[in-house]
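Per-entry structural report
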Amino acid sequence: MVETFVQNTDDVVKFLTDQHNLIKDLFDEVLGASETKAREKAFADLRQLLAVHETAEEMVVHPRARKEVADGESIVDARLKEEHEAKEFLSRLEKMDVGSKEFVDELTKFRDDVVEHAEHEEHEEFNKLQRKLDGDDLGRMAKAVQAAEAIAPTHPHAGVESAKANFAVGPFASMLDRARDLIGAALK
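Residues numbered from 1 in each chain as written. Predicted model: local features only at pLDDT ≥ 70, side-chain atom pairs only at ≥ 80, totals over all residues. Heavy atoms only, no water.

Some words on unusual backbone geometry
Quick note on the threshold: Elements are defined by DSSP. Helices are runs of H or I of four residues or more, strands are runs of E of two residues or more, and each kind is numbered from the N terminus.
With a phi angle near 65 degrees, Asp71 is a residue other than glycine that sits in the positive phi range. Topologically, Asp71 is positioned in the loop between α2 (36-68) and α3 (72-94).

Notes on α3
Convention followed: By definition here, a helix of n residues has an expected span of 1.5 Å times n minus one. Buried, partly exposed and exposed residues are distinguished by accessible area as a fraction of the type maximum, computed with a 1.4 Å probe on protein chains only: under 20%, between the cut-offs, and over 50%, respectively. Contacts between residues were defined by any pair of non-hydrogen atoms, one from each residue, lying within 4.5 Å.
An ideal rise of 1.5 Å per residue puts 33 Å on 23 residues; α3 measures up with 32 Å between its terminal C-alpha atoms. When α3 is considered as a whole, its buried residues turn out to be Gly72, Ile75, Val76, Arg79, Leu80, Glu83, Lys87, Phe89, Leu90, Ser91 and Leu93. Where α3 is buried, its residues touch α2 and α4 (101-132).

Things to note about the packing of aromatic side chains
Put simply, the rule reads: Pairing of aromatic rings covers Phe, Tyr and the six-membered ring of Trp, with a centre-to-centre limit of 6.5 Å; geometry is then stacked below 30 degrees between planes, edge-to-face above 60, and tilted otherwise.
All told, the structure shown has three aromatic pairs when counted by the stated rule. Seen in terms of ring centroids, Phe43 and Phe103 are 5.1 Å apart; in terms of plane orientation they differ by 90 degrees. Their pairing is edge-to-face. Here Phe43, found in helix α2, pairs with Phe103, found in helix α4; they are 60 residues apart in sequence, far enough to count as distant. For the residue pair Phe43 and Phe103, the accessibility class agrees, reading buried in each case. An aromatic cluster of at least three residues, connected via ring pairs, comprises Phe27, Phe89 and Phe110.

Points about the nonpolar core
For clarity, the threshold we go by: For the purposes of this section, nonpolar cores are sets of buried Ala, Val, Leu, Ile, Met, Phe, Trp, Tyr and Cys residues that join through side-chain atoms within 4.5 Å.
Ranked by size, the top nonpolar core spans 21 residues in total, and within it Val12, Leu16, Val60, Val61, Leu129, Met141 and Val145 carry the most contacts. Every element with two or more residues in this core is listed here: α1 (12-32), α2, α3, α4 and α5 (135-151). Setting aside anything within four residues of it in sequence, one finds Val60 in contact with Met141, Ala144, Val145 and Ala148. Of all hydrophobic cores here, the second largest spans 20 residues; its members include Ile23, Met96, Val98 and Phe103.

Considering the environment of Ala150
Mapping Ala150 onto the fold places it in helix α5. Exposure remark for Ala150: the relative accessible area of 48% places this residue in the partly exposed category.

Topic: the environment of Asp11
Rule in force here: Two N or O atoms form a polar contact when they lie within 3.5 Å of each other; inside protein one atom must be a possible hydrogen donor and the other a possible acceptor, and for residues adjacent in sequence the pair counts only when both atoms belong to side chains.
In this fold, Asp11 is placed in the segment before α1. Here the alpha-carbon distance between Asp11 and Asp137, two residues 126 residues apart in the chain, equals 8.4 Å. For Asp11, the contacting residues outside a window of four places in its chain are Gln130, Leu138 and Ala142. Only 3.1 Å separates the side chain of Asp11 from the side chain of Gln130, close enough to count as a polar contact.

Some points on the packing of α2 against α5
For the record, the criterion: Working convention: axes come from line fits to C-alpha atoms, limited for helices to the stretch in contact. Angles between N-to-C directions cover 0 to 180 degrees. For a crossing to be left-handed, the near helix must be turned anticlockwise from the far one by less than a right angle; the clockwise case is right-handed. Ten residues, namely Ala, Val, Leu, Ile, Met, Phe, Trp, Tyr, Cys and Pro, are considered nonpolar, four, namely Asp, Glu, Lys and Arg, are considered charged, and the remaining ones, Gly among them, are considered polar.
Taken N-terminus to C-terminus, the directions of α2 and α5 make an angle of 145 degrees; their axes are 8 Å apart at the nearest point. Note on packing geometry: the crossing formed by α2 with α5 is right-handed. Within the contact between the two elements, α2 uses Val52, His53, Ala56, Met59, Val60, Val61 and Arg64 and α5 uses Asp137, Met141, Ala144, Val145, Ala148 and Glu149. Residues of the contact of α2 with α5, tallied by class, amount to nine nonpolar, one polar and three charged.

With respect to the pattern of salt bridges
Threshold: Think of a salt bridge as a Lys or Arg side-chain nitrogen and an Asp or Glu carboxyl oxygen that are within 4 Å of each other.
On inspection of all chains with the given rule, the structure shows 16 salt bridges. Linking Arg64 and Glu68 is a salt bridge whose minimum nitrogen-to-oxygen distance equals 3.2 Å. Placement of both Arg64 and Glu68 in helix α2 is noted, with a separation of four residues, approximately one turn of the helix. Note that Arg79 is salt-bridged to Glu124, the shortest N-O span being 2.5 Å. Placement of Arg79 in helix α3 and of Glu124 in helix α4 is noted, with a sequence separation of 45 residues between them. Glu124 gets classed as partly exposed once you look at its relative accessible area, which sits at 24%. Several salt bridges share partner residues, and in doing so they unite Arg64, Glu68, Asp137 and Arg140 into one network.

Next comes the structure, spelled out in structure tokens:
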């Protein structure tokens with residue numbers, strides 16, 4: 001499994017921004033892999049990090065941004081729409097041959113969408129939350145994000161983009177995903 005935790009764990013904004021940077025690095029690793037096995041491993045790490053990262057944002061950050069950020073409802077709704085589309089895209093990528101040119105072309109498009117999405121989060125949610133909340137709140141949110149990531153599904157599940165849906169469906173999906181990952185690794 002990919003290491004999803006970053007150095008700074010006492011500020012949710014720094015934590016998630018560092019993860020955005022790790023996600024960008026993983027995209028480069030997948031796209032730069034010269035062998036199919038290396039690309040498969042890097043893509044599995046990327047897919048898992050994207051899945052747990054987005055789940056944690058949906059469970060912790062977006063609900064808080066809805067309450068604390070001016071125009072939070074429309075900002076979060078736009079991010080959730082992007083996350084739904086990203087989960088659908090990532091699900092399609094999971095079914096493709098990672099050694100194919102088509103996979104590389106589609107992953108490149110997906111990377112561009114994910115980077116744009118991350119920039120929207122950082123400017124429209126994270127920066128505003130950081131200005132609005134005190135250090136204790138940001139620290140508590142970082143701990144909540146880490147807890148959410150520890151139990152989050154490791155594959156994309158389009159249609160599960162709200163905190164309520166993640167709490168209701170997430171644990172079951174996580175259990176199935178983690179079993180699928182272990183079985184898949186044992187069969188390789």
